[in-house]
Amino acid sequence: MFAISGTLSAKRKDIDIFGAAFLGFVTAIGGGSMRDVFLNLRPVWVNDSNYLIAIFLGILIAIVFNRQLYGYYRTLTLFDAIGISFFTILGVQKSLNYESNVYAAIIFGMFTAVCGGMTEIFCSMRHH
């Protein structure tokens with residue numbers, strides 16, 4: 001969902017297909033990758049190609065069905081919100097599994113959920 005969200009956001013800003021794909025990718029993996037780097041771990045998508053396949057499928061769906069997906073904006077926003085809450089919990093849990101203190105785990109949960117989207121927003125703002 002984050003790959004679709006990031007790609008659609010880029011397309012709304014008239015960013016070319018390569019920029020849109022990049023922003024879709026960053027939105028999907030940015031937060032978890034940042035968390036993993038701070039935890040001295042290799043980001044999971046580096047070792048598991050299933051993540052990359054899912055991201056590329058999301059990007060492809062967003063590019064091919066760009067106009068049709070605009071009609072589902074509210075539904076996509078709902079799934080985006082569900083994804084944010086899921087990734088917050090996932091980030092906290094992974095941080096605790098790697099012996100972070102509770103306060104750091106909360107911050108890592110926030111990183112996991114929002115840093116990819118924040119990077120996407122910053123990049124799309126800087127485009128114009």
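Everything here concerns the structure above.
Report on the accompanying structure. (Residues numbered from 1 in each chain as written. Predicted model: local features only at pLDDT ≥ 70, side-chain atom pairs only at ≥ 80, totals over all residues. Heavy atoms only, no water.)

## Some thoughts on the packing of aromatic side chains
Following the criterion strictly, the structure yields seven aromatic pairs and no others. Look at F25 and W45: their rings are 5.3 Å apart centre to centre, the planes differ by 85°, and that puts the pair in the edge-to-face class. Residue F25 is located in helix 2 (residues 17-38), and its partner W45 is located in helix 3 (residues 44-47); the two are separated by 20 residues in the primary sequence. Classification of F25 as buried rests on a relative accessible area of 17%. (Phe/Tyr/Trp six-rings, centres within 6.5 Å; stacked < 30°, edge-to-face > 60°. Helix = DSSP H or I, 4+ residues; strand = E, 2+ residues; numbered from the N terminus. Buried < 20%, exposed > 50% of the residue type's maximum accessible area, 1.4 Å probe, protein only.)

## A few points about unusual backbone geometry
In the Ramachandran plot, N40 falls in the positive-phi region, its phi being about 60° despite a non-glycine side chain. Tracing the backbone through its elements, the reader meets N40 in the loop between helix 2 and helix 3. The exposure class of N40 is exposed, given its relative accessible area of 70%. Phi is positive for E99, close to 65°, though the residue is something other than glycine. Mapped onto the secondary structure, E99 falls in the loop between helix 6 (73-97) and helix 7 (102-126). According to the relative accessible area criterion, E99 is exposed, its value standing at 74%.

## Section: a nonpolar patch on the surface
Together, I53, L57, L60, I61, V64 and F65 make up a nonpolar patch on the protein surface, roughly 540 Å² of accessible area in all. In this structure, I53 sits in helix 4 (residues 49-64). Given the relative accessible area of 47%, I53 is considered partly exposed. (Patch = residues over 30% accessible without salt bridge, like charges linked within 9 Å, V, L, I, M, F, W, Y side chains within 5 Å. Areas by Shrake-Rupley, 256 points an atom, 1.4 Å probe, with all protein chains shown as cover. Salt bridge = Lys/Arg side-chain N within 4 Å of Asp/Glu carboxyl O.)

## A few points about the pattern of salt bridges
In this structure the tally under the stated criterion is two salt bridges. Here R35 makes a salt bridge to D36, at a shortest N to O gap of 2.9 Å. One salt bridge connects D36 with K94, and the closest N-O pair in it is separated by 3.1 Å. Separated by 58 residues along the polypeptide, D36 in helix 2 and K94 in helix 6 bring together distant segments of the chain. The same class applies to D36 and to K94, which are both buried. Each of R35, D36 and K94 takes part in salt bridges that share partners, so that together they form one network.

## Some words on helix 6
Structural remark: α-helix, 3.6 residues per turn; residues separated by three or four positions point the same way. When the terminal C-alpha atoms of helix 6 are compared, their 36 Å separation across 25 residues agrees well with the 36 Å that a helix rising 1.5 Å per residue should span. Residues L76, G83, G91, K94 and S95 constitute the buried set of helix 6. Taken from the residues just after helix 6, E99 is the one with a positive phi, measuring 65°. (Expected span 1.5 Å × (residues − 1).)

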